[in-house]
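Examining the three-dimensional arrangement
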Amino acid sequence: MLRNAKIKYLIVRTHGLSSHLIDPSEMRSWVFIDDNRVLFDKISQTPYGGFFEKPEDLSDPIKIEEATMRVNFIRANKLISLSRGSYIETILRTYMSKYDLENIRRIVFSRLFGRGLERVSLLPQEGYLQDTARLSKIERLEDIIEVIEDRRISSGVASWLSSERRDPSELDLILTKIYIDLLLETVEKKGGKPIYEIISSYLENILLGTLLKSKYLRISDELVIRSLSKIPFRKLIDVFELSKDLDEFLDKLINISPYRAISLEVRDSLREVGEPWVIEHSVSKRAYAEALRISLRSPMSDAYIFSYMISSEWESQSLRTVLFGRISGVPRELLYNLLTPRET
Amino acid sequence: MFRSVGRVLPTKGFLIRLRERLRLLRSGVEALKMKRDQLVKESQSLIPDLRRRGEVERKLEEAYTLLKLAYSAAGPDEMRKTALLTTPLLTEMRVRSVIGVEVPEIKVVGLSLAVSPSLNAVVIAAARKFAEAVREMIPLVNSEAKFERLAVALADTMRKVNALEKIVIPDHEAAVRYIEEMLDEESLEEFLMVKKYRQIKRGE
C-alpha cells in the first residue's frame, strides 16, 4: 500500500516536473531567433538557464554540452532519489546505464586506438550501474574487465577482448544487446502494462537505429545477427536479414506502417545528400513520439516517468541542435525540419 | 663589347676555343629547345587533371556542409568520440624527376574510420565525405604541384633559350667575326711587311 503510494507520488511529481519541459514547437521556433539576447532571455527561463551566464555563452560549445548533458542527469537523479527502494529505481538506473555503457565504449575505443584517456571526454556522471571514476583510471585495456561491475557486461567485453579482430562494431553490438536484455528484464514481470510497452518501444527504437546504421556501415549481417541473437523484435531482425543493403532495408520498412515515417525520412536524406545522416534524430524523434503516445493513453501510470525521461532527452538533443546549428550556420529551415515530426 | 664572351684575345688559339664554345652553345640551345617542347607537352598533359579542381571543390563544399550539420546535430563531444576511431591522415611523399625537374608525388597511405554502430550517423557521413574529398584531392594536389614546378622550369628554360639565341650566341658569333677580321688584318699586314722587306732586300 505504502509502496503504491510512493509510486503514485512519484507519478504526480513527474507530472509537476514535466511542466518544466520546453514545448517542442517553441523550441523549434528558436531556430529563427537571430538575436542572442532574445534567445538568452528565453533559455534563462528554462532549467538550462543556470548554465548560461550571459548571451555570449550561447556560442560556447563547452557550456552548451555541459548544460544539455547535466540537465538530463539532474532530472534522472532527482527521479532516482524520489524512487529510492522501489522497482522504478531499478528500471531508472538500468535505463540510465546506457550512459555508463557509452563511457565504457569511449574508454575502450581510446585504449584500442592508442589514445590516452586525457584525450577522451567522458560523460559527466558518476555512473548509474558502474563506477565511472574507477573505469577512467584503468591502465591497460584488459583491466576494464576487473572494474566493470556487471557480470554480463564484463563477460561480454572479455569475450570481445579475446577475439582476434577486436572489431569496434562487435563491441557496440554486444553492449547494445546487453543493454536491451538488462532493461527488458527489469520490466518483464510487467508484460502488457504501459511501462512494459514504453520500455519495449524505446528499446525497439534503439535496435532500429542500430540496424539502420549497421546496414549503412555495411557491417556483416552474420556479425549483427550473431551479436543480437535471441533479441526480441523479431520482425525488425527478419526484415534486416532479408535485405542486402540499406536501400532495400528502407524499402522494406516503408511497407511496414510503424516504420514508414522514419524510413521515408532516412531515405530522403540518403537520396538528397548521399548519406543517411538523419538516423539519430529520426530515431530519437520516433522514440519521443511513441513515448508520448503511450503515456497519454495512461497518464497516471508509471510509464509516464519514462515518457518524461525520453522527452527530456529529446529536449536536450533539440536544444543542442538549435544552439550548435546557430554556431555552425546551418540553414534554419534544415534545423527546423530536423526537429519537426514527419507526417506520412 | 662582347659582355657574354668575356675578355677577347685576338689569337688563333682563342678563336679555336671560341668556335668550339659556339658549337657547344648551339647544340645546347637545341637541347634546351627539346627540353622546352617536352615541358610544354608534359604541362599540357596535366590540363585534364587540373580541370577536376571544380569537382574536388564541390566535394569539399559538400563535406563542409555535412561537417556543419554534424556539429549541430551531434555536437563536438560526439565528434571527439568518433575521432577516437580514426586513423590520422598518413601520406607518403617521394620526389620524381620529370625531364630533370623534381616533382613531389604524395600518396595517401592511411586514412580510415573504424566504423561502429554507436557512432552518430551524421558524424560518420561527414567523416566519409571528407575522406572521399581528400582522396580525390591528393591526385589534384600532385598534378597542381607538378604543373607549378614544370611551369617554373619552362619559364627558366625559355629564358635560357632566349638569352642564348638573342645575346650569348650573337655575342660569340660577333667575337668570332671580330677575331677572324683581326687575324686577317694581322696576316695581311704581315704579308705586306714581308713583301716590303723582300723589295728592300732586292734593292728595288
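Summary of the structure given here.

The rules behind these values
Residues numbered from 1 in each chain as written. Chains lettered and ligands numbered in written order. Predicted model: local features only at pLDDT ≥ 70, side-chain atom pairs only at ≥ 80, totals over all residues. Helix = DSSP H or I, 4+ residues; strand = E, 2+ residues; numbered from the N terminus. Rg over C-alpha atoms; globule rule 2.2 N^0.38 Å. Buried ≥ 20, exposed ≤ 12 C-beta atoms within 10 Å, placed from the backbone. Contact = placed C-beta atoms within 7 Å. Core = buried A, V, L, I, M, F, W, Y, C linked by C-beta atoms within 7 Å.

Turning our attention to the overall build of chain B. Check the secondary structure of chain B and you find four helices and two strands. Along chain B, helices (α) and strands (β) appear in the sequence α-α-α-β-β-α when read from the amino end. Relative to the compact-globule value of 17 Å for 204 residues, chain B shows a C-alpha radius of gyration of 34 Å, a clear excess of over 25%. If you line up chain B on its principal axes, its C-alpha atoms span 125 × 25 × 25 Å. Looking at chain B as a whole, 25% of its 204 residues are labelled buried. Counting only contacts in chain B whose residues sit at least 6 apart along the sequence, the fraction spanning at least 24 positions is 82%.

To continue, consider the nonpolar core. Core analysis: the largest hydrophobic core is formed by 82 residues, its most contacted members being Phe306(A), Ala70(B), Val122(B) and Ala126(B). In terms of residue count, helix H16 (residues 303-328) of chain A provides more of this core than any other element does, twelve residues in total. When sequence neighbours within four positions are dropped, the list of residues in contact with Phe306(A) reads Tyr95(A), Ile195(A), Ile198(A), Ile199(A) and Ala291(A). Counting 20 residues, the second largest nonpolar core, distinct from the first, contains Val108(A), Phe109(A), Ile148(A) and Ile174(A).

Residue and element names in this part refer to chain A. In the Ramachandran plot, Arg166 falls in the positive-phi region, its phi being about 50 degrees despite a non-glycine side chain. Along the chain, Arg166 falls in the loop between helix H8 (151-162) and helix H9 (168-187). Phi is positive for Phe233, which is not a glycine, with a value near 60 degrees. Along the polypeptide, Phe233 turns up in the loop between helix H11 (221-227) and helix H12 (234-242).

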